[in-house]
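Below, each chain spelled out in residue letters.
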Amino acid sequence: SQQGEEDPQALSIQEGENATMNCSYKTSINNLQWYRQNSGRGLVHLILIRSNEREKHSGRLRVTLDTSKKSSSLLITASRAADTASYFCATDAIAGNTPLVFGKGTRLSVIA
Amino acid sequence: GAVVSQHPSRVICKSGTSVKIECRSLDFQATTMFWYRQFPKKSLMLMATSNEGSKATYEQGVEKDKFLINHASLTLSTLTVTSAHPEDSSFYICSAVSGLTDTQYFGPGTRLTVL
């Protein structure tokens, strides 16, 4: 599977600041999803954006998708210390019922 | 919402032993389940695709004789790590695809430590 890339690999910000993480992928997709993972724990699904959508909001999260550039961004506004985690984007192919291809992830540290 | 469980959540074993990890879809039927592996500070990598009633499909570089997958029912897939070695220590995560919605749901993961 062709893994996507996230940047930055690590991000450290102060509480209250916004955090932006980017994801690029290599093949055509059906959906792109963002997940959060606390150290040593399972995945928490954050948001799904379909290939025909350009932007989506959920609470303090804002996701954009640019299929022409094969990239997505996740913005977390007004960050909190509890947002400290690794964030992964994951894509699935147009074929459906296919495994997700995960990006390498961004480790976010929010300092109180 | 749909729930996927994994058992055990943590396992420590001696080198050379075999370990079985179960992945269950609790409230939906899953014709397809996926097994992923995650090394420390790394991302999830697909190991294999498990289809109910047929042989699993393994990704390149994953030894099918070492990582035995059985998908005997629409709600259960098992991954057996045979003759485990310390380099098999990892976080193993399964996901199950709902036959109704085609949505993929992840289990909480199993932490395997081989001494």
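See the structure printed just above.
The text that follows walks through the structure, step by step, so that each part is easy to find. Worth saying up front: this structure is predicted, and the values here are computed from it rather than measured.

Brief notes about unusual backbone geometry
The phi torsion of most residues other than glycine is negative, and most of the peptide bonds are trans. Residue and element names in this part refer to chain B. Here the bond from His7 into Pro8 is cis, since omega is 0 degrees, no more than 30 degrees from zero. Here Pro8 shows up in the loop between β1 (4–7) and β2 (10–13). Here the phi dihedral of Ser83 falls at roughly 45 degrees; this positive angle occurs in a residue that is not glycine. Following the sequence through the fold, Ser83 ends up in the loop between β8 (76–81) and β9 (90–98).

As for the interface of chain A and chain B
Across the boundary between the two partners, chain A contributes 17 residues, which contact 19 residues of chain B. Applying the counting rule to chain A against chain B returns 0 salt bridges. Counting every contact that joins chain A to chain B gives 4 residue pairs in polar contact (both at pLDDT 80 or more).

Digging into the state of the cysteines
One way to say it: the disulfide is the covalent bond shared by the sulfur atoms of two cysteines. What the rule picks out here adds up to 2 disulfides over all chains. With its sulfur 1.9 Å from that of its partner, Cys23(A) forms a disulfide with Cys89(A). Between Cys23(A) and Cys89(A), the disulfide has an S-S torsion of 65 degrees and is therefore right-handed. In this pair, Cys23(A) is assigned in strand β3 (residues 19–24) and Cys89(A) in strand β9 (residues 85–92), connecting sequence segments 66 residues apart. Taken as a pair, Cys23(A) and Cys89(A) share a single burial class, namely buried. With its sulfur 2.0 Å from that of its partner, Cys23(B) forms a disulfide with Cys94(B). Every disulfide takes its handedness from the sign of the S-S torsion; for Cys23(B) and Cys94(B) that torsion is 80 degrees, giving right-handed. Pair noted here: Cys23(B) is in strand β3 (residues 19–25) and Cys94(B) is in strand β9, with a separation of 71 residues, a long-range link. In this structure, Cys23(B) and Cys94(B) share a single accessibility class: buried. With no disulfide of its own, Cys13(B) lies closest to Cys94(B) among cysteine sulfurs, the gap being 18 Å.

Rules of the game
Residues numbered from 1 in each chain as written. Chains lettered and ligands numbered in written order. Predicted model: local features only at pLDDT ≥ 70, side-chain atom pairs only at ≥ 80, totals over all residues. Heavy atoms only, no water. Helix = DSSP H or I, 4+ residues; strand = E, 2+ residues; numbered from the N terminus. Contact = heavy atoms within 4.5 Å. Salt bridge = Lys/Arg side-chain N within 4 Å of Asp/Glu carboxyl O. Polar contact = N/O pair within 3.5 Å; in protein donor to acceptor, adjacent residues only side chain to side chain. Disulfide = S-S within 2.5 Å. Buried < 20%, exposed > 50% of the residue type's maximum accessible area, 1.4 Å probe, protein only.

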